[in-house]
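Overview (structure and organization)
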Amino acid sequence: MANSLKWSCLVLIVLGAILWLINWWAGRPLFLDEANVARNLFDRSFSGLFSPLDHRQYAPPLYLVAAKLCGELFGYGERALRLPALAGGTLAIIGLFLTGKSLKLGWWLLLPLALAFLNPDVLRYVSEVKPYSIDLGVAALITGMACTKHRFSWVIWGIAGVLMIWLSLPAVFVLAAAGAAQFMFPEANESKQQQSERLIWLGIGTCWLLSFALLYLTVLRPAIGSSYLNTYHETYFFPLPQQNYPWEQLGNLLFSIPKLAFGFTAIAIVFGTAALVAGWLRSSWFHRTLLVGPLLLVLVVSGFGYYSLIPRLLLFVLPGLWVLATMGSKYVFETTNLPGLWKYSFIVIWVLVLGGTNVVRHFWQPLSFSDARRLATSMEEGYTPVLHHGAVPGFDYYQRIHPETRKGTLLEVQEGDIRTQEFPGKYVLLYDVLTQGNIRQSVQSDSTWATARGCKVKSEAMFRAKAVYVDCGE
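The text that follows walks through the structure, step by step, so that each part is easy to find. Since the structure is predicted, the reported quantities are computational estimates derived from the model, not experimental observations.

What about the overall build of the chain?
When its secondary structure is counted, the chain shows 20 helices and five strands. Relative to its length of 474 residues, the chain is compact, with a C-alpha radius of gyration of 25 Å against a globular reference of 23 Å. Dimensions of the chain along its principal axes, counting C-alpha atoms only, are 90 × 55 × 55 Å. In the chain, which comprises 474 residues, the share counted as buried stands at 51%. For the chain, the proportion of contacts with a sequence separation of at least 24, taken over those separated by at least 6, is 74%. When the accessible surface of the chain is split by element, carbon and sulfur atoms take 63% of a total near 22,300 Å². In the chain, the 37 positive side-chain charges and the 29 negative ones have mean positions that sit 10 Å from each other.

Rendered as structure tokens:
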């Protein structure tokens, strides 16, 4: 039985790793925010990464250092810059495996691993130049370390926690939950030893708090309260009690959590939530604090407007939710009195939940979110590029930074509205991120305006991008 479980875990991990590697190796074009991070990495020194970033970006300094190191060693191409994200996914699998072994989940260890590999958001962010998969990996690793109780020394906990805060911002929530669980629910030792352990954890927590305070003062404080960020994330802050309470916003936010964890189908949301409830009822207060504490903490912090609940920023809560749902599933499966075939229908439902994510298709159809590379490098000659603001990051990256497409010197471009350009002339209007309605509207209005002036207008459609050629003669 033990050998069968080991081989099953190995097969699942190999298949999941192949899926991740296929999508990483595909080297899809950098999305808007990815390109902005890449511009910071290319334009700054290593020390410059320990100060607030340009282009309305934030990423933890140690993550940026790792990404820049990959760029310096292997060139600032898509694959090189996404290596830290892939490493974050690897940390997540290690952490989940460590947690499952410590909790003696047996065959149910396969469930959190499968949930990680088949989650569409995880698949995206283990191959994207943003720190969200590092958030996931660090959270899973902290959870695994905490579940092993005293296998790790106080020194390791102290140093690892101090560094993790600079590697992943939401690590502070997971560390707080892990520290609180260890502090409030120590092992049943003699009272003097318990008191000693509590004092040690208090000291470790103080070190973590000082590390976060330094990060806040040097990097985070300028971004806190940013009008741009607050406006962009306004609907993703947890609503505190108020007049005319926004119940719809609350419902959407709470609904998004099981959707993120288990999938977007009705069976995934209902069944996953039921498994979470079963896990909560069955688990000890130590595990409740450890596994659900990060989510509860971030809800409180979000209520005061300091952390957005947009799904990609919540990947760090997934390890705890996956493990708790697995604990609940294991308990229900082992204690139910249903006949044999009905009992195993419980496993069949989980298979349906996992299959409902529709991730398997990305073995042969890698993810893509932008055509920024083609947009920036396949323009017809003789046209002056005019960039909509959404196309600027990708254009700059592929013209100036990418090792295979850069021109050495940036093309003469004009950023802004076609209406501000000098006429007559030949212009190519570049638009990216056409998933946004305002950008699609700009494409239509700009084309209509140029046509009304008597210019010849032709369009080249791309994946979520478009080039509009405007020829207004001599």
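Points about the pairing of strand β5 (residues 465–471)
Side-chain positions along a regular strand alternate between the two faces of the sheet. Judged by how many residues are buried, β5 sits mostly within the fold: five of seven residues are covered. Examined bridge by bridge, strand β3 (residues 426–432) and β5 share seven bridges and lie antiparallel to one another. The residue bridging Tyr431 from the neighbouring strand is Lys466, located in β5. Relative to β5, strand β4 (residues 456–462) is paired through seven bridges, and the arrangement is antiparallel. Note that in β5 the partner of Glu460 across the bridge is Ala467. The loop that links β4 with its antiparallel partner β5 comprises two residues; one of these, Arg464, has a positive phi angle of about 60°.

Looking at the state of the cysteines
This structure, assessed with the given rule, holds one disulfide. Here Cys455 pairs with Cys472 through a disulfide, and the sulfurs are 1.9 Å apart. Looking down the S-S bond of the Cys455 and Cys472 bridge, the torsion is 100°, so its handedness is right-handed. With Cys455 in the loop between α20 (437–452) and β4 and Cys472 in the segment after β5, this residue pair connects regions lying 17 residues apart in the sequence. Relative accessible area serves as the criterion here: at 10%, Cys455 is assigned to the buried category. In this structure Cys472 comes out as buried when scored by relative accessible area, which is 18%.

As for the pattern of salt bridges
Under the criterion given, the structure shown has 13 salt bridges. In this structure, the salt-bridge partner of Glu72 is Lys68, at a minimum N-O distance of 3.6 Å. Residue Glu72 and its partner Lys68 are both found in helix α3 (residues 61–74); the two are separated by four residues, about one turn of the helix. On the accessibility criterion, Lys68 (4% relative accessible area) is buried. Salt bridges linked by common partners bring Arg39, Asp43, Asp396 and Arg400 together as one network.

Section: unusual backbone geometry
Positive phi, normally seen in glycine, also occurs at Asn244, with a value near 50°. Looking at where Asn244 falls in the secondary structure, it is placed in the loop between α12 (227–232) and α13 (247–262). For Asn244, a relative accessible area of 75% puts it in the exposed group. One non-glycine residue, Arg464, lies in the positive phi region at around 60°.

Examining the packing of helix α2 (residues 32–43) against α3
Where α2 contacts α3, the two axes come as close as 10 Å, and the packing angle between them is 75°. Relative to α3, the element α2 is oriented roughly perpendicular. Taking contact as the criterion, the partners of Val37, Leu41 and Phe42 in α2 are, on α3, Leu64, Ala67 and Lys68. Within the contact of α2 with α3, the residues separate by chemical class into five nonpolar, no polar and one charged.

As for the environment of Ser302
By secondary structure assignment, the location of Ser302 is in helix α15 (residues 285–303). We classify Ser302 as buried; its relative accessible area is 0%. Sequence-wise, Ser302 and Val348 are 46 residues apart; in three dimensions their C-alpha atoms are separated by 37 Å. Ignoring sequence-local partners within four residues, the contact set of Ser302 consists of Tyr236, Phe237, Phe238, Tyr307 and Leu309.

Comments concerning the nonpolar core
Ranked by internal contacts, the top residues of the largest apolar core, which has 141 residues, are Phe262, Trp322 and Trp350. Per-element tally for this core: the top contributor is helix α8 (residues 132–147), with eleven residues. Ignoring anything within four residues of it in the chain, the contact list for Phe262 reads Leu115, Ala268, Gly272, Thr273, Leu276, Leu321, Trp322, Ala325, Trp350, Val353 and Thr357.

About the thresholds
- Residues numbered from 1 in each chain as written.
- Predicted model: local features only at pLDDT ≥ 70, side-chain atom pairs only at ≥ 80, totals over all residues.
- Heavy atoms only, no water.
- Helix = DSSP H or I, 4+ residues; strand = E, 2+ residues; numbered from the N terminus.
- Rg over C-alpha atoms; globule rule 2.2 N^0.38 Å.
- Buried < 20%, exposed > 50% of the residue type's maximum accessible area, 1.4 Å probe, protein only.
- Contact = heavy atoms within 4.5 Å.
- Areas by Shrake-Rupley, 256 points an atom, 1.4 Å probe, with all protein chains shown as cover.
- Lys, Arg positive; Asp, Glu negative; His and termini not counted.
- Charge placed at Lys NZ, Arg CZ, Asp CG, Glu CD.
- Pairing = 2+ DSSP bridges.
- Disulfide = S-S within 2.5 Å.
- Salt bridge = Lys/Arg side-chain N within 4 Å of Asp/Glu carboxyl O.
- Axes fitted to C-alpha atoms, helices over the stretch in contact; angles between N-to-C directions.
- Parallel < 35°, antiparallel > 145°, perpendicular 65-115°, else oblique.
- Nonpolar A, V, L, I, M, F, W, Y, C, P; charged D, E, K, R; others polar.
- Core = buried A, V, L, I, M, F, W, Y, C linked by side-chain atoms within 4.5 Å.

All we've got here are geometric facts, nothing functional implied.
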